[in-house]
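So you can see what is in the structure, the chains are spelled out below.
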Amino acid sequence: MSSPGQTPSGHAAGKSAGPQGTRVFSTAALRRYASEADFVADGPASAREPVLEGISAGLEKRRFSLRPGRQSIGRGSNNDIVVDDPSVSASHGWIIGQQRRYVIMNTLSTNGTFVNDRRIHQATLKHGDHIRLGQAELLFLTRERGARRWPALPWIVAGLLLLGLVALAWWLI
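Everything numeric here is computed off the predicted structure, so don't read it as measured data.

Notes on the overall build of the protein chain
- Secondary structure summary: the protein chain contains two helices and eleven strands in total.
- Its helices and strands taken in sequence order, the protein chain reads α-β-β-β-β-β-β-β-β-β-β-β-α from the N to the C terminus.
- Here the protein chain holds 173 residues, and the buried ones make up 33% of them.
- Across the protein chain, every contact between residues at least 6 apart in sequence was considered, and the portion connecting residues at least 24 apart equals 33%.

Focus on the sheet that holds strand β11 (residues 136-141)
- If you trace the six strands from one edge of the open sheet to the other, you get β2-β1-β11-β10-β7-β8, paired in antiparallel fashion. The strands lining the two open edges of the sheet, one partner per strand, are β2 (63-65) and β8 (118-120). With direction set aside, neighbouring strand axes in the sheet form an average angle of 30°.
- Pairing of strand β7 (residues 113-115) with strand β10 (residues 130-133) involves three bridges; the strand directions are antiparallel. Its bridge partner being in β10, F114 is matched across the sheet by R132.

A look at the pattern of salt bridges
- The final tally for this structure, using the stated rule, is three salt bridges.
- Here R67 and D80 are joined by a salt bridge, their closest N and O atoms 3.5 Å apart. Placement of R67 in the loop between β2 and β3 (69-74) and of D80 in the loop between β3 and β4 (81-82) is noted, with a sequence separation of 13 residues between them.
- According to the relative accessible area criterion, D80 is partly exposed, its value standing at 43%.
- Here D129 makes a salt bridge to K126, at a shortest N to O gap of 3.2 Å.
- Note on D129: relative accessible area 4%, which makes it buried.

What to know about the pairing of strand β5 (residues 93-98)
- Alternating residues of β5 divide into G93, I95 and G97, all buried, and W94, I96 and Q98, none buried.
- Where β5 folds back onto strand β6 (residues 101-106) in an antiparallel hairpin, the turn is made up of two residues, including Q99, whose phi is positive at roughly 50°.

Observations regarding the nonpolar core
- Ranked by size, the top nonpolar core spans 20 residues in total, and within it L52, I73, V83, I104, I131, L133 and L138 carry the most contacts.
- Ranked by residue count, the leading element in this core is β11, at three residues.
- With near-sequence residues (within four places) excluded, L52 lies in contact with R62, R63, F64, L66, I73, I81, I95, I131, L138, L139 and F140.

Focus on the confidence of the model for the protein chain
- Across the protein chain, pLDDT averages 81, with 71% of residues at or above 70.
- In the predicted structure, residues 9-13 sits below a pLDDT of 50 and forms six contacts with residues beyond four places in sequence or in another chain.

What about the environment of R67?
- A residue is classified by how much of its surface remains accessible, and R67, at 37% relative accessible area, is partly exposed.
- Remark: the alpha-carbon pair of R67 and V51, spanning 16 residues in sequence, is separated by 8.9 Å.
- Not counting residues up to four positions away in its chain, the partners in contact with R67 are D80, G97 and Y102.

A short note on the pairing of β10
- Burial of β10 is two-sided: the residues H130 and R132 facing one way and the residues I131 and L133 facing the other way are all buried.
- Bridging between β10 and β11 involves four bridges; their strand directions are antiparallel. The partner of R132 across the bridge, within β11, is E137.

Details of the side chain of E53
- One can find E53 in strand β1 (residues 51-54).
- For E53, the side chain forms a polar contact with the side chain of R63, separated by 2.9 Å.

Overview of the sheet that holds strand β9 (residues 122-125)
- A sheet is described by the order of its strands in space; here five strands give the open sequence β4-β3-β5-β6-β9, paired in mixed fashion. In the strand order of this sheet, the two ends are held by β4 and β9, each with one partner.
- When β6 meets β9, the two strands line up antiparallel, connected through four bridges. Each residue of the ladder has a partner; that of M105, found in β9, is Q122.

Calculation notes
- Residues numbered from 1 in each chain as written.
- Predicted model: local features only at pLDDT ≥ 70, side-chain atom pairs only at ≥ 80, totals over all residues.
- Heavy atoms only, no water.
- Helix = DSSP H or I, 4+ residues; strand = E, 2+ residues; numbered from the N terminus.
- Buried < 20%, exposed > 50% of the residue type's maximum accessible area, 1.4 Å probe, protein only.
- Contact = heavy atoms within 4.5 Å.
- Pairing = 2+ DSSP bridges.
- Axes fitted to C-alpha atoms, helices over the stretch in contact; angles between N-to-C directions.
- Salt bridge = Lys/Arg side-chain N within 4 Å of Asp/Glu carboxyl O.
- Core = buried A, V, L, I, M, F, W, Y, C linked by side-chain atoms within 4.5 Å.
- pLDDT = per-residue confidence, 0-100.
- Polar contact = N/O pair within 3.5 Å; in protein donor to acceptor, adjacent residues only side chain to side chain.

Structural data, given as structure tokens:
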């Protein structure tokens, strides 16, 4: 394919287009087209819009934006987040976002769900958590990797000290 979003050319496994021009592709053909496409990250990570970033083989450049509410995650194409790995169950789990908190839940998957190498049934996620679904590995990000996060406390202390010095100078004058 020459550009992202372009429709693959040629017939799908010898099948012609349907009455509305819909083409039917095999799973193997779709995987081949997806691997040929220039993959663009799903979006930047932020506290308001966290992402799951793939870190295992086959998921390296994949990003999945998380949204409030419940999202299903698994190998099946009917999931909100599809992780195409044979060790991931068809319906592996849920990621639930409420009030800027994200919880991952295992839904009786065969190979389990792990957060920071601990098998879990349910866990609240925080920035940098390492998630493993079967053998597929993802990273939970609420900010971009390498971005420095300046804590608010030093700025508050500095502001209070400055305010105190101004008040002392005013009192002395």
